[in-house]
Every structure is written in C-alpha cells, then in structure tokens.
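# Analysis of the macromolecular model
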Amino acid sequence: MIPELGLFALIIAFSISLVLSAVPLIGAARNDATLMAMARPAAWAQLAFVSLSYAALTYAFVVHDFSVLYVSQHSNLVQPLMYRISGVWGSHEGSMLLWTLILALWTAAVALFSRGLPEVLLARVLSVMGMISAGFFAFLLWTSNPFERIFPVPADGNALNPLLQDPGLAIHPPMLYMGYVGFSVAFAFAVAALLGGKLDATWARWSRPWTTVAWSFLTFGIALGSWWAYNELGWGGWWFWDPVENASFMPWLVGTALIHSLASTEKRGVFKSWTVLLAILAFSMSLLGAFIVRSGVLVSVHAFATDPARGVFILIFLCVAVGGSLALYAWRSGTVTSTGRFSWLSRETALLLNNVILLTAAAAVFVGTMYPLLVDALGIGKISVGRPYFDTMFTLVAIPLILMMGIGPVMRWKKDNAQRLKKELSLIFAISLSVGIILPFVIDGVLNIPAGLGLAGALWIAISTLQILYKRLKSGARLPLSFTGMIMAHLGMAMFVAGVTMVMTYSEEKDVRLEYGSTYELSGYDFKLIGVNKMVGPNYTGDEGHLEVYDGDNKIADLRPQKRLYTTGSSPMPMTESSVDTRLSRDLYVAMGEPVGEDAWSLRLYYKSMIAWSWMGCLFMTFGGLLAVSDRRYRQKRLPGSETA
C-alpha cells in the first residue's frame, strides 16, 4: 500500500501545482486578495504531498520492497543502508522525484521568507514556479513513474550501480539539484516582473539572495562531482569535459554572470534588460542540462536515461518555457529601461565586460557540447570535440576574465579616473606578473611561461582583492557580510586558478609493474608495494593493495588501493577504488590494475601538484556566496523599494 500512497500523493501534488499555476495569477490580474492569498498555502501543501511521495519511495528502498520496479532495479538485500537511501536518486525516476521535491522546497521557501514582498508580485512569482512544478510532475507521471509495480515479485533486486556507491555521490545530486532548480526562482521573479509590466529594481533586490544561494549550491555540487570523479573513477583527473559535466558548468557560468548583473541592477538601476535575459538563460541552461542527461542523446557515466520519449518531453518543456518567457520579454520590452547612467570607465562597464566574457565562455562550452550531438542527429556523421578545443577556448577566455577580476572591484560606480586606477593597480600588476613568472623557475629550475602567467593571474586576483579588504579595514568602515562574502569568493577563484595551473603543469603519472617488496620513484617519492590481500565487503569481494610511500628515508604515507568485484545484481561489475594521500602542496595517488604474474601487479601512480587548491577554492566560493546572503539587509521583512509592484 505504501507505493500506492506515494503515487497518490504525487498526483495530489500535481493537482495542487495546477491550482498554484492559475489561481494566484488570476487573482493578481483581478487584484483579488482572496485568490492571491491562496499562493502560500498551496506552495506549502505542494511541498507536503511531494515530501510524502518521496518518503514512500525511500521507505520502499529501506524495507526492500522489490514489488516496485524501480527499487528492484537499483537495490538488493545486501546493499548498505546509506546506499539504499541514496539509491532513491540513483537513476532517472527517483532523481526526477528528488528534482520535484527540491523545486517544491524552493517554492515553499519563497512563500515563507518573502513576507515583505508585495502580494501581487509574490502571487505571480509563486504561480510561475507552480507552472514549472506542474511541468515536471507531468513528466514524472506520464513518462517516469517511480512507483510502477512488477509481478512476479523478485526475491532479490539488482544492485545500485557500483560507481554510485560512494559517499561523494550520496550527496552530490541533491547539492547539484539545489543549484539547478534554484535558478527557477530568479526566472520566476523575472517573468513575474514582466507580467506586471513594472521591471524596476525591486525584483532584483528580492531575487538576488535566492540566486546567490542557488549559485552557491551549484558551485558546491560541481566541486563535489569533480572530487568524486577524481577519487572514484581511478583516472586521476579533476575535469574531463564530459558532456554531462558541461551540462552543469553552463548554468554555473550564466549564473555567475547573473549574480553580478543583479548587483548592478539593484545598486544602480542599470542592465535591466541584460539581467532579465540572464535570468531566463540561467534557467534555460538548467533545463538543457536535464535534457542532456535524460534524453538518451549521449552515453556517459553521469547520464541517467536512454528513453528518447523523455528527451522529447523535456525538449518541448524547454521550448515552451524559454520561448514563452522570451515572447513575454519582447512584448514588455518597452517597459524595460535602465535609469542609471555611467561612464565607459566605471564599475558598471567592468561588470558588463565581465558578463560578456562569462557568456562567451558559456557559448564556447555550449557549441563544443551540442555541436557533435547536432551533427549526429542530422545524420551528417560522427565527430568528437575533445579537451584540446575546450582547453584552448577557455585559455583565451580566462585571460580577460582574470584581468577584469582584479580591476572591476577596485573601480568606482558611475565614473572613475584612469590615473587613480593606474596608481592603485600598477604596482600590484607588476608584482603579480614578476613573481608569477619567476615561481616556475624556483619550483623546478625551468622558465615555464604558461605556468608563470597562470600563477600571475592567481596572484593578481588575490593581491587586488586583499588590497580592497585592507583599505576597508584601514578606513574603519564596517564589513557587511555581503562585502566579506565577495572577498571570500574572489579569493576562492584565486585559489582555484593557482590549483588548476599547478596540477596541469607539474603533475606526473606512470603505469608500472611492481612485485612485492619492489619500489618505483615518481616525482621524488618512492612507492613500495608491500603486498596485496583478499578482502570481503558487504556486497563485494576484491583485492586490497598496501603501498608505503617514502620521501627519502622517511615514510610519509600508507596507501591501500582496492580492486573490487561487485557480485550482486544481474552481472558482476569490477570497480577500482583509488587511495590518495592529500597535502596542501600535492596528492600522491595510486589506482590498482590487474595481477601480472605471481606476486606482481600493474599499478597507476600519480603525483598531483596542489590539486586540493582547486576544491578548496570552490569551497571558498561556496561559503562566500552563503556569507553574502546572510547580510542583514536580506533579513529585513521589507526591503527598500518593495512597497509597490
């Protein structure tokens, strides 16, 4: 009965989303307070019923209810509890139910924390979010029912994909979805403002914190996915330019442009058209990501579905949502006028250039990701766009972006003076460039210009950001959390640039054959294979290696990589579990291959220089964003300028 209860709750949630889509919007059009007042309770009721549906599916996984087809496909009797719970979102149907749960959570949060928002604007915002929810509920019920029964009931089920049986993957999808779905809030605010025909700074003030929270979650989710791939897949890389990785990166780039554009619209009343289009585009990129992952147009370790019917549904939904919002924008374009005026040499101009660069980067990723799929779909042939294209394009885009990150925050609003900027930044630029170029020579005695420029860029961002903080502290001015968050996020980007530069320049890897007791030297470290022992896990068997790592005569690490064989499910599946010794300056990484003779194994050894800095930088950016939205002005019951809509 529990699965039927879950399906019934899902149908009720769908019905409520239809009410939420229409009734408050009609109330806003008629200025009917009674109809508009239905928005909040409808949002909370929708969350309650979709939560009940999700809880029912989770319960089915926990108690091994293999009469549910989805449970039997992704769980079995020996699967650990943590992976039974995370198995709920381990494939398409459950992950879409999680998507709708998070969307309902965002909708309810807007209803709860927007009490100072004018009722007319709130009614329109929640109605737009209700329309989005209705689309995804329909997608679930018509193409992806997670509660479908199977008869006869199997005695045991198939296991969750071993690739997903990892703590990182247990929390990666929820974090990623919080970012993906969170951009629907900015989209809803933009569409609501267009519907009202009054696109002033009010909607930007209210949507900015929501957008920043979504961006923070997406940043953390992407970093977590990168860390998982690095540790779990055994190939030692941090980013592979996989189409599904790109599907999350594109909304991140557009979302980064959006939060900067919202700042300009809120503070100066400029870039209103630009900001509206970015809000539409950020959500569109999220829907595009869902299409790429769930349409069956590609094969990836990250992809969920191979049913073209699902891809067609999402593609139609994408066209309706984007096409409808762009048509509305064209209709209301006469009301979208910027009031602020600024000189070509100003912070506004810097932010505009920053956004153009970010959109150029997003366009480059879009072309590289979608062009091969388009060529294949048209039957022209098969082509691949790989790492050389993406690395080249991003290097070209990164240079002006890094320059602007050092210049933009130093510039003044409205109008600045070139001589003042030269005085502020010339010494920082000279120090960053000279130290950055020299550092590679200090590291290994070779003058490496590309690495030097990358490190110079990291120093440029870091020193210019710290200078802003120093001047603020010296003046005795208070440090609002929004300012502190910006400082933290920019320092995070500096750390990320430094980490990526070092790992791409100074990493080494080697495939070796080691006998018990033998040693191999890599990057000044000696890897000694002590032995390999049999092991038995809760749902796998395997071999566990033991290596000691020496720096000279000092043992610095014990590494225990594993070669597992998951024997449950329809067919045995081998998996590699790497072992990593992480320090701030480097990672020492070992992945097991196969036995190659008596008491000998093939191993892959890696030395990864400063790779931890890339993930630390992402954490700094994440916490910087969350810190910024903790600013007290976002906790006011009524923001300035929100009296009318």
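For clarity, every value in this text was computed on a predicted model and none was experimentally measured. (Residues numbered from 1 in each chain as written. Predicted model: local features only at pLDDT ≥ 70, side-chain atom pairs only at ≥ 80, totals over all residues. Heavy atoms only, no water.)

### Details of the overall build of the protein chain
What the protein chain contains, in helices and strands, is 18 helices and 10 strands. The C-alpha radius of gyration of the protein chain comes to 26 Å, within 12% of the 26 Å expected for a compact globule of 645 residues. Principal axes of the C-alpha set define a box for the protein chain whose edges measure 80 × 75 × 55 Å. Sorting the 645 residues of the protein chain into buried and exposed places 58% on the buried side. Residue pairs at least 24 apart in sequence account for 72% of intrachain contacts in the protein chain once pairs closer than 6 positions are excluded. Summed over its atoms, the accessible surface of the protein chain is roughly 26,600 Å², and 66% of this surface lies on carbon and sulfur atoms. (Helix = DSSP H or I, 4+ residues; strand = E, 2+ residues; numbered from the N terminus. Rg over C-alpha atoms; globule rule 2.2 N^0.38 Å. Buried < 20%, exposed > 50% of the residue type's maximum accessible area, 1.4 Å probe, protein only. Contact = heavy atoms within 4.5 Å. Areas by Shrake-Rupley, 256 points an atom, 1.4 Å probe, with all protein chains shown as cover.)

### So, the pairing of strand S9 (residues 586–595)
Of all 10 residues that make up S9, 8 are buried, and the element is covered over most of its length. Two elements, strand S8 (residues 579–582) and S9, share 4 bridges in a ladder whose sense is antiparallel. Residue pairing in the sheet places Thr 582 in a bridge with Asp 587 of S9. Hairpin connection, S8 to S9: the antiparallel pair is bridged by 3 residues. Pairing geometry for S9 and strand S10 (residues 600–609), over 8 bridges, is antiparallel. Within the sheet, the bridge partner assigned to Leu 588 lies in S10 and is Tyr 607. Taken together, S9 and the strand that follows it, S10, pair antiparallel across an intervening segment of 4 residues, in which Gly 597 is found at a positive phi of about 110°. (Pairing = 2+ DSSP bridges.)

### Comments concerning the domain arrangement of the protein chain
Examined at the domain level, the protein chain breaks down into domain 1 (1–165), domain 2 (167–416) and domain 3 (508–612). Here domain 2 and domain 3 have C-alpha centroids that lie 38 Å from each other. (Domains from an automatic or database assignment.)

### Regarding a nonpolar patch on the surface
A grouping of Ile 2, Leu 5, Phe 8, Leu 52, Tyr 59, Val 62, Val 63, Leu 81 and Ile 85 is seen on the molecular surface, where their side chains present a nonpolar patch of about 730 Å² in accessible area. Of all the elements in the fold, those that place two or more residues in the nonpolar patch are helix H1 (2–30), helix H3 (39–62) and helix H5 (81–86). Position of Leu 81 among the secondary structure elements: in helix H5. Residue Leu 81 is classed as partly exposed on the basis of its relative accessible area, which comes to 44%. (Patch = residues over 30% accessible without salt bridge, like charges linked within 9 Å, V, L, I, M, F, W, Y side chains within 5 Å. Salt bridge = Lys/Arg side-chain N within 4 Å of Asp/Glu carboxyl O.)

### Quick look at the nonpolar core
Core analysis: the biggest nonpolar cluster contains 156 residues, and Trp 106, Trp 252 and Leu 253 have the highest contact counts within it. Counting residues per element, this core draws most heavily on helix H8 (residues 167–196), at 16 residues. Beyond its immediate sequence surroundings of up to four residues, Trp 252 is in contact with Trp 215, Leu 218, Thr 219, Ile 222, Met 493 and Met 621. Listed in part, the 18 residues of the second largest apolar core include Val 512, Ala 557, Leu 588 and Met 592. (Core = buried A, V, L, I, M, F, W, Y, C linked by side-chain atoms within 4.5 Å.)

### Brief notes about the side chain of Glu 424
Note on placement: Glu 424 falls in helix H15 (residues 418–444). Engagement of the side chain of Glu 424 in a polar contact is seen with the side chain of Lys 471, the distance being 2.4 Å. Non-local contacts of Glu 424, meaning those with residues more than four positions away in its chain, are made with Val 410, Gln 467 and Lys 471. (Polar contact = N/O pair within 3.5 Å; in protein donor to acceptor, adjacent residues only side chain to side chain.)

### Observations concerning the pattern of salt bridges
Where charged atoms from two side chains of opposite charge come close, those side chains can pair. For the coordinates displayed, the defined rule picks out 18 salt bridges. Note that Lys 471 is salt-bridged to Glu 424, the shortest N-O span being 2.4 Å. Of this pair, Lys 471 sits in helix H16 (residues 449–475) while Glu 424 sits in helix H15, placing them 47 residues apart in sequence. When the shortest N-O distance is used, the salt bridge between Arg 564 and Glu 577 registers 3.8 Å. Note that Arg 564 is positioned in strand S6 (residues 562–566) and Glu 577 in strand S7 (residues 573–577), a separation of 13 residues in sequence.

### Some remarks on the packing of H1 against helix H7 (residues 119–143)
The interhelical angle for the contact between H1 and H7, taken along N-to-C directions, is 150°, at an axis separation of 7 Å. One element, H1, and the other, H7, form an angle in the roughly antiparallel class. Here the hand of the crossing between H1 and H7 comes out left-handed. Here the residues of the contact of H1 with H7 sort into 20 nonpolar, 5 polar and 1 charged. (Axes fitted to C-alpha atoms, helices over the stretch in contact; angles between N-to-C directions. Parallel < 35°, antiparallel > 145°, perpendicular 65-115°, else oblique. Left-handed = near helix turned anticlockwise from the far one by under 90°. Nonpolar A, V, L, I, M, F, W, Y, C, P; charged D, E, K, R; others polar.)

### A look at the environment of Glu 515
Examined against the element boundaries, Glu 515 turns out to sit in strand S1 (residues 508–515). Classification of Glu 515 by relative accessible area gives partly exposed; the value is 39%. Considered as a pair, Glu 515 and Gly 537 are 22 residues apart in the sequence and their alpha carbons are 25 Å apart. Setting aside anything within four residues of it in sequence, one finds Glu 515 in contact with Leu 529, Asp 599 and Ala 600.

### Re the side chain of Ser 609
The residue Ser 609 is located in strand S10 in this model. In contact with Ser 609, other than residues within four places in its own chain, are Gly 499, Met 502, Val 503, Tyr 506, Ser 507, Ser 585 and Arg 586.

### Side note on the sheet that holds S9
Strand order across the open sheet formed by 4 strands is S1-S10-S9-S8, with antiparallel pairing between neighbours. The open sheet is flanked by S1 and S8, the only strands paired with a single partner. Across the sheet, the axes of successive neighbouring strands diverge by a mean angle of 20°, strand direction being ignored. The strands that helix H9 (residues 201–232) touches are S8, S9 and S10; relative to S9, the one it contacts most, it runs at about 45°.

### With respect to helix H6 (residues 92–113)
Over its 22 residues, H6 extends 31 Å from the first C-alpha to the last, a length consistent with the 32 Å expected when each residue adds 1.5 Å. Counting buried residues along H6, 19 of its 22 residues qualify, which places the element largely inside the surrounding structure. (Expected span 1.5 Å × (residues − 1).)

### As for helix H17 (residues 481–506)
With 26 residues, H17 should reach 38 Å at 1.5 Å per residue; the first-to-last C-alpha distance of 37 Å fits that figure. Most of H17 is tucked away: 19 of the 26 residues are buried.

### A closer look at unusual backbone geometry
Each neighbour pair has its own omega, and for Phe 151 with Pro 152 the value is -5°, a cis peptide bond. By the element assignment, Pro 152 lies in the loop between H7 and H8. Unlike most non-glycine residues, Asn 31 shows phi in positive territory, near 55°. Its location among the elements puts Asn 31 in the loop between H1 and helix H2 (33–36). Its identity is not glycine, yet Ser 523 carries a phi of approximately 55°, on the positive side. Structurally, Ser 523 can be placed in the loop between strand S2 (519–522) and strand S3 (525–536). Relative accessible area serves as the criterion here: at 24%, Ser 523 is assigned to the partly exposed category.

### Here's the deal with the environment of Gly 542
Among the secondary structure elements, Gly 542 is positioned in strand S4 (residues 541–551). Counting along the chain gives 23 residues from Gly 542 to Leu 565, while the straight-line C-alpha distance between them is 5.6 Å.

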